[in-house]
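Examination of the molecular architecture
Each chain, written out:
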Amino acid sequence: MKELLQNVYKRRSVRRYSEQKLTDEELAKVEEYLHELKPLIADIKVEFQIVPCSETNCKFNAEYCLLVYSEEKNLWLTNVGYMLEQWDLYLTSLNIGVCWYGMGKVEDERQCDLEYAIMLSFGKCDPSLFRNGDYDFNRVQANDFWKGMTDARLGEIVRLAPSAVNSQPWRVEQADNKLNVYRQKGKVPILSNQLFKHWNKVDMGIFLCFLDIALENEGYTYTRTLGSESDEGKRVLIAEYVLDAK
Ligand SMILES: Cc1cc2nc3c(=O)[nH]c(=O)nc-3n(C[C@H](O)[C@H](O)[C@H](O)COP(=O)(O)O)c2cc1C
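Every value quoted in this text rests on a predicted model; they were computed, and no experiment measured them.

**A closer look at the overall build of the chain**
On a plain count of helices and strands, the chain comes out with six helices and ten strands. Relative to its length of 246 residues, the chain is compact, with a C-alpha radius of gyration of 17 Å against a globular reference of 18 Å. A principal-axis box enclosing the C-alpha atoms of the chain has dimensions of 50 × 40 × 35 Å. By the burial criterion, 53% of the 246 residues in the chain qualify as buried. Long-range contacts, defined as pairs at least 24 residues apart, comprise 71% of the intrachain contacts of the chain with a sequence gap of at least 6. Split by element, the accessible area of the chain, about 11,800 Å² in all, is 46% carbon and sulfur. The chain carries 31 positive and 38 negative side-chain charges, and their two centres are separated by 7 Å.

What follows is the structure, encoded as structure tokens:
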């Protein structure tokens, strides 16, 4: 996943698409990459469908939407976030615009025993929409969500992760070589709690994807133990990382 780092500084949510269509070759690459995504949890079945955006409730003028379906197991939405963020970054490398679309709805929420998780719009866009570096990001500082940070370079990368309504629900507590990653529960007045919780679980997977890219790029190896998707308490332990000595 290391190779995705440069796209971390380039990606943004693309909500305005061009009239131009993806070429057959581009579409083939986009589909092939779906089979290369690294799962967070290997035994959760995930399937994808690419449909014309006009056949969904997505309000953007994108050419397509990707519908994501998954088995409903512990951390299934976090797994979806982890996988599809790699796809978001890969499409960015091809100058194809993407936007996570939590407001998406499908007629059949269940398909062949899999549950609808989320959709992402994608299509050609003006390449000038992408970012050119680590400025121009509306994000909190890494110290605001990461206590005890010993390597600021990691914080500078992970703070750029996208999240639903830019809520940035992640918290990290570090003690020496041990990192605990939490989902902080919150509310958005205009949204149902259920919907927001659903999105924030996806956000945590996106964050872990950024964290793994950051750790790999900074030369860390680690052992990761996953937590749960329980809704108990004010914050939920999602993962524990133990970093090996460098
Ligand atoms: C799980 C998830 C759901 C999202 N849902 C929507 C959505 O329904 N509509 C929308 O316009 N943007 C949506 N976004 C995009 C976020 O608003 C966006 O990622 C965030 O504001 C940060 O901006 P950036 O992606 O341009 O860096 C979603 C993002 C995530 C991660």
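**Some remarks on the sheet that holds strand β6 (residues 146-147)**
If you walk across this open sheet you meet the five strands as β6-β7-β8-β10-β9, and the pairing is mixed. With one partner strand each, in any of the chains shown, β6 and β9 (222-226) form the two edges of the open sheet. As paired elements, strand β8 (residues 178-184) and strand β10 (residues 235-243) share seven bridges and run antiparallel to each other. The partner of Leu179 across the bridge, within β10, is Tyr241.

**Looking at the domain arrangement of the chain**
When its domains are assigned, the chain resolves into domain 1 (2-129) and domain 2 (142-243). Between the C-alpha centres of domain 1 and domain 2 the distance comes to 21 Å. Of the residues lining the interface, 25 residues belong to domain 1; the matching set on domain 2 comes to 24 residues. Across the domain 1/domain 2 interface, buried area totals approximately 2,200 Å², and carbon plus sulfur atoms make up 70% of it. Applying the counting rule to domain 1 against domain 2 returns one salt bridge. The salt bridge partner of Glu216 is Lys38, with a shortest N-O separation of 4.0 Å. Applying the counting rule to domain 1 against domain 2 returns ten residue pairs in polar contact (both at pLDDT 80 or more).

**Examining the packing of helix α2 (residues 24-34) against helix α3 (residues 76-93)**
Where α2 meets α3, the axes come as close as 10 Å, and the angle between the chain directions of the two elements is 155°. Comparing their axes, α3 and α2 come out roughly antiparallel. The handedness of the crossing between α2 and α3 is right-handed. Residue-level inspection shows Lys29, Val30, Tyr33 and Leu34 of α2 in contact with α3, the latter providing Leu84, Gln86, Trp87, Tyr90 and Leu91.

What counts and what doesn't
- Residues numbered from 1 in each chain as written.
- Predicted model: local features only at pLDDT ≥ 70, side-chain atom pairs only at ≥ 80, totals over all residues.
- Heavy atoms only, no water.
- Helix = DSSP H or I, 4+ residues; strand = E, 2+ residues; numbered from the N terminus.
- Rg over C-alpha atoms; globule rule 2.2 N^0.38 Å.
- Buried < 20%, exposed > 50% of the residue type's maximum accessible area, 1.4 Å probe, protein only.
- Contact = heavy atoms within 4.5 Å.
- Areas by Shrake-Rupley, 256 points an atom, 1.4 Å probe, with all protein chains shown as cover.
- Lys, Arg positive; Asp, Glu negative; His and termini not counted.
- Charge placed at Lys NZ, Arg CZ, Asp CG, Glu CD.
- Pairing = 2+ DSSP bridges.
- Domains from an automatic or database assignment.
- Buried area = accessible area lost by both parts, 1.4 Å probe.
- Salt bridge = Lys/Arg side-chain N within 4 Å of Asp/Glu carboxyl O.
- Polar contact = N/O pair within 3.5 Å; in protein donor to acceptor, adjacent residues only side chain to side chain.
- Axes fitted to C-alpha atoms, helices over the stretch in contact; angles between N-to-C directions.
- Parallel < 35°, antiparallel > 145°, perpendicular 65-115°, else oblique.
- Left-handed = near helix turned anticlockwise from the far one by under 90°.

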